[in-house]
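Architecture at a glance
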Amino acid sequence: MSEENKKHVHVVDEELEKAKQEIKGRESYTAEDIEVLEGLVAVRERPGMYIGTTGIPGLHHLVWEIVDNAVDEALAGFCDTITVSLNKDGSVSVTDNGRGMPLGTVAKTGKSAIETIFTVLHAGGKFGKGAYQVAGGLHGVGASVVNALSEKVEVNVYKDGNEYYLSFVDGGKVEGQLQQIGTTNKRGTKVTFKPDPKIFQESVTFDFKTVSNRLRQMAYLNRGIRIIIEDLREEPKHEEYHYEGGIAEYVAHINKTKTPITEDVIFIEGKGDVEIGGNKSHILVEVAIQYTTEYKETIFSFANNIQTGDGGTHEQGFRLAVGRIFNNYARDYKFHKNEEDKFIYEDVAEGMTAIISIKHPAPQFEGQTKGKLGNTDVRSVVSQVVGDKLEEYLVENPAEAKLILEKIMLSSKARRAATLAREGIRRKDGIEFTTLPGKLADCSSRNPEEAELFIVEGNSAGGSAKNGRNRHTQAILPLRGKILNVQKAQEKRIYENAEVGNMIQAIGAGIAEEFDIAKARYHKIIIMTDADVDGSHIRVLLLTFFNRFMRQLIQNGYIYIAQPPLYKVEYRGKKYYCYNDEQLESLKVDLELRPGHPVQRYKGLGEMDAQQLWETTMDPEHRKLYQVHIEDGIAADTIFEELMGEKVEPRKDFINENALFVKNLDI
Ligand code: 2B7
């Protein structure tokens, strides 16, 4: 018996199963049939339990589930190409060139393996998945969940020279039997599904960029796999992702907008043993590191191809190891003169871009958003692997080691200076940051949940905002001119910047590692700038500041952007405000305005008096706010970098409207 078959003996032994079936007779399957149906009905009743939402993210989740199965087949070593097609009819096809799903009958269900995979909720585990399920939350129930939420699913299997076919309709009802429909010289599986609009009421239209970005990430995280995406709808598109260098290429990609200090990306790979329920298995570890001239740390971590935005044990193990190894190296190679010179982790972190990717047979995702890896066995495995291999790299590459160590030494010095500067501010202002800045017109409420801070561009608009506001809940902090570009600046200089200092004091929750969201004095911090290039520059500077030093404010949805109107139209004694060109055009139509009817275009907030500013931009009853989100850590990082980083070239493509950070919020 070949290795390949042996693994699946417990699942599909066709002869044996046939015999058992005949003995058992038909009745015993009706009960199981019901169970099966119930399973899929449960998914349709509570789709959120399985895919999170029935909005756009949930819709795309269907694609990830099917792609995950194909990636598993690739990780098992049987497939190297995966193609995803967004079809004209609104369906999606995923094709792999693996072994093809099994064709036999499953004992427990009495059905073909394919039907079982697509109709039994917990079929995943029984099919001898590859060692590492990539399906984060669903653990291999993906195919059946996709079926339950689709109006049509078609499965083609190419195996042993033949093509086989089975289809389902209306949330998983099988149509006919698995049958051979032709011959082929291909190998693999094709799954085509059309999401059910009764479930996905918001939209059933897949977004090319969303799918394409995730597939690119999958290709980076699983080196060697070729992933192709083709959009066959209105505007045909085609991308191919294939990275022999895997996450090392990913780091190089992230650092394109930065200035690396070594040419090398350090790539580390290793494994550790684990025992799960008495079975021996492995944790696979991959890490890629490259230092740049930046001041911040950029770490992205993944467990089983799922981004762990809140870190976890793999990040802990990584940090332990790099701190330890660089200190040892600095001691052994005489970079340190005495004990006080020792680096703390922050020194080692400055300017480091790293990706940590682990694969675990039973990953535990913890926390509210399941973004944190919890497996304790991972910490020591990552620490061991990274420690050994990083030490080896430094010893074998002394020139690179020297460049990196010099950078770390500099960070360490700057950190000591920053600590002194920070203590200086504290002494000056009394204890911690408790005094409020003089420029702040605070609100009277001390309840952060209702309190709002408007950060307003310019003193004159600040004046109107002060006069127009609701004094109970709305505080105003005017900003004079531009704030420091914090992406480029050294930490020490940031603390010395007056505008930044005012914001830190007004918000009252500290900064960086000492930031404590529970102390935030406002739960809405609203950036109010002019609708021109300067305004959007200030907005990006502020977002950059919050992203680097008070990221939790963004993560908790506390940061908003005010939307002042662009136009005012007066007609028959009434005032109408328009926030964009479309609104203006449709207003002209609605009011049947004559051509040439006067339209006031606001060039800045300063042109509005207090009453107008309140009515149009500040009054919670009528205003429109945009809530700021970081949709995708890596994309956001790259964009901040493009806008604010050291390189001038990317900044030329200045993005005026910050589309990626900002999601419409109707309040
Ligand atoms: C847990 C289930 C889903 N499966 C197999 C074998 C190959 C295989 C699959 C797949 C998505 C779209 C194209 C194993 C695993 C079932 O058991 S799923 N390939 N590809 C896939 O779903 N692609 C398999 C052992 C021997 N022969 C085949």
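Let me begin by describing the structure that accompanies this report. (Residues numbered from 1 in each chain as written. Predicted model: local features only at pLDDT ≥ 70, side-chain atom pairs only at ≥ 80, totals over all residues. Heavy atoms only, no water.)

**A few points about the pattern of salt bridges**
On inspection of all chains with the given rule, the structure shows 24 salt bridges. One salt bridge connects Arg226 with Glu240, and the closest N-O pair in it is separated by 3.0 Å. Here Arg226, found in strand β7 (residues 226-231), pairs with Glu240, found in strand β8 (residues 237-241); they are 14 residues apart in sequence, far enough to count as distant. Here Arg331 and Asp332 are joined by a salt bridge, their closest N and O atoms 3.0 Å apart. According to the relative accessible area criterion, Asp332 is partly exposed, its value standing at 43%. (Salt bridge = Lys/Arg side-chain N within 4 Å of Asp/Glu carboxyl O. Helix = DSSP H or I, 4+ residues; strand = E, 2+ residues; numbered from the N terminus. Buried < 20%, exposed > 50% of the residue type's maximum accessible area, 1.4 Å probe, protein only.)

**Quick word on empty space enclosed by the protein**
Taken as a whole, this structure holds 1 cavity of 30 Å³ or more when the rule is applied. Volume-wise, the largest cavity comes out at about 50 Å³. Lining the largest cavity are Asp530, Ala531, Pro564, Pro565, Tyr602, Lys603, Gly604, Leu605 and Met608. Along the lines of polarity and charge, the residues of the lining of the largest cavity split into 6 nonpolar, 1 polar and 2 charged. (1 Å grid on protein atoms, 1.4 Å probe; cavity = no way out; pocket = protein on both sides within 12 Å on 5 of 7 lines; lining within 4 Å. Points joined across faces, edges and corners; volume = space filled by probe spheres on them. Nonpolar A, V, L, I, M, F, W, Y, C, P; charged D, E, K, R; others polar.)

**Thoughts on the sheet that holds strand β3 (residues 150-159)**
Strand order in the open sheet made by the 8 strands is β5-β4-β3-β6-β2-β1-β7-β8, with mixed pairing throughout. Taken across any chain shown, the strands that pair with only one partner, and hence form the sheet edges, are β5 (173-183) and β8. Mean inter-strand twist for the sheet, computed between neighbouring axes without regard to direction, equals 10°. For β7 and β8, the ladder comprises 5 bridges, and the chain directions are antiparallel. Residue Ile229 lies in a different strand from β8, and its bridge partner there is Glu239. (Pairing = 2+ DSSP bridges. Axes fitted to C-alpha atoms, helices over the stretch in contact; angles between N-to-C directions.)

**Section: the sheet that holds strand β20 (residues 567-571)**
Read across the sheet, 3 strands follow the order β21-β20-β22 without closing on themselves; strand pairing throughout is antiparallel. Taken across any chain shown, the strands that pair with only one partner, and hence form the sheet edges, are β21 (574-578) and β22 (600-601). Pairing analysis gives 2 bridges linking β20 to β22, with the strands arranged antiparallel. Bridge assignment links Lys568 to a residue of β22, and that residue is Gln600. The sheet contacts of helix α20 (residues 581-590) involve β20 and β21, and relative to β21 the element is tilted by about 145°. (Contact = heavy atoms within 4.5 Å.)

**Considering the packing of helix α17 (residues 498-507) against helix α18 (residues 533-549)**
Remark: α17 packs on α18, axes separated minimally by 12 Å, with the N-to-C direction vectors making an angle of 55°. The angle between α17 and α18 places the two elements in the oblique class. Handedness of the α17/α18 crossing: right-handed. Facing α17, whose interface residues are Val500, Met503, Ile504 and Ile507, α18 presents Leu542, Phe545 and Phe546. For the contact of α17 with α18, a count of residues per class yields 7 nonpolar, no polar and no charged. (Parallel < 35°, antiparallel > 145°, perpendicular 65-115°, else oblique. Left-handed = near helix turned anticlockwise from the far one by under 90°.)

**Looking at helix α9 (residues 208-221)**
For α9, which comprises 14 residues, the first-to-last C-alpha distance of 20 Å matches the rise-based estimate of 20 Å (1.5 Å per residue) to within 8%. Within α9, 10 of the 14 residues are buried, leaving the element largely enclosed by the surrounding structure. (Expected span 1.5 Å × (residues − 1).)

**A short note on the nonpolar core**
Val63, Phe118, Leu149 and Phe193 are the most contacted members of the largest nonpolar core, which totals 62 residues. Residue contributions to this core peak at 9 residues, all from helix α5 (residues 56-75). Not counting chain neighbours up to four residues away, the residues in contact with Leu149 comprise Val43, Arg44, Pro47, Ile51, Leu62, Pro195, Asp196, Ile199 and Phe200. Membership of the second largest hydrophobic core comes to 42 residues, among which are Ile517, Leu553, Tyr626 and Val628. (Core = buried A, V, L, I, M, F, W, Y, C linked by side-chain atoms within 4.5 Å.)

**Looking at the packing of helix α11 (residues 313-332) against helix α13 (residues 376-396)**
Packing of α11 against α13 leaves a shortest axis separation of 7 Å and a crossing angle of 30°. Of the two elements, α11 crosses α13, and the hand of that crossing is right-handed. The segment α11 lies against α13, with Thr313, His314, Gln316, Gly317, Phe318, Leu320, Ala321, Val322, Arg324, Ile325, Phe326 and Tyr329 engaging Thr376, Val378, Arg379, Val382, Ser383, Val386, Gly387, Leu390, Glu391, Leu394 and Val395. Here the residues of the contact of α11 with α13 are counted per class, giving 13 nonpolar, 7 polar and 3 charged.

**Brief notes about the side chain of Glu115**
Relative to the assigned elements, Glu115 resides in helix α6 (residues 113-119). Residue Glu115 is classed as buried on the basis of its relative accessible area of 13%. Look past the residues within four positions of Glu115 in its chain and what remains in contact with it is Val120, Leu166, Phe168 and Val174.

**Side note on the pairing of strand β13 (residues 352-359)**
By the criterion of burial, β13 is predominantly enclosed, with 8 of the 8 residues buried. Residue alternation in β13 divides its side chains into two sets, Met352, Ala354, Ile356 and Ile358 and Thr353, Ile355, Ser357 and Lys359, and both sets are buried. Of the pairings in the sheet, the one linking strand β10 (residues 279-291) to β13 comprises 8 bridges and is antiparallel in character. Across the sheet, the residue bridging to Leu284 is Lys359, located in β13. Sheet topology note: the strand β11 (residues 298-303)/β13 ladder contains 6 bridges and is parallel. Within the sheet, the bridge partner assigned to Ser301 lies in β13 and is Ile356.

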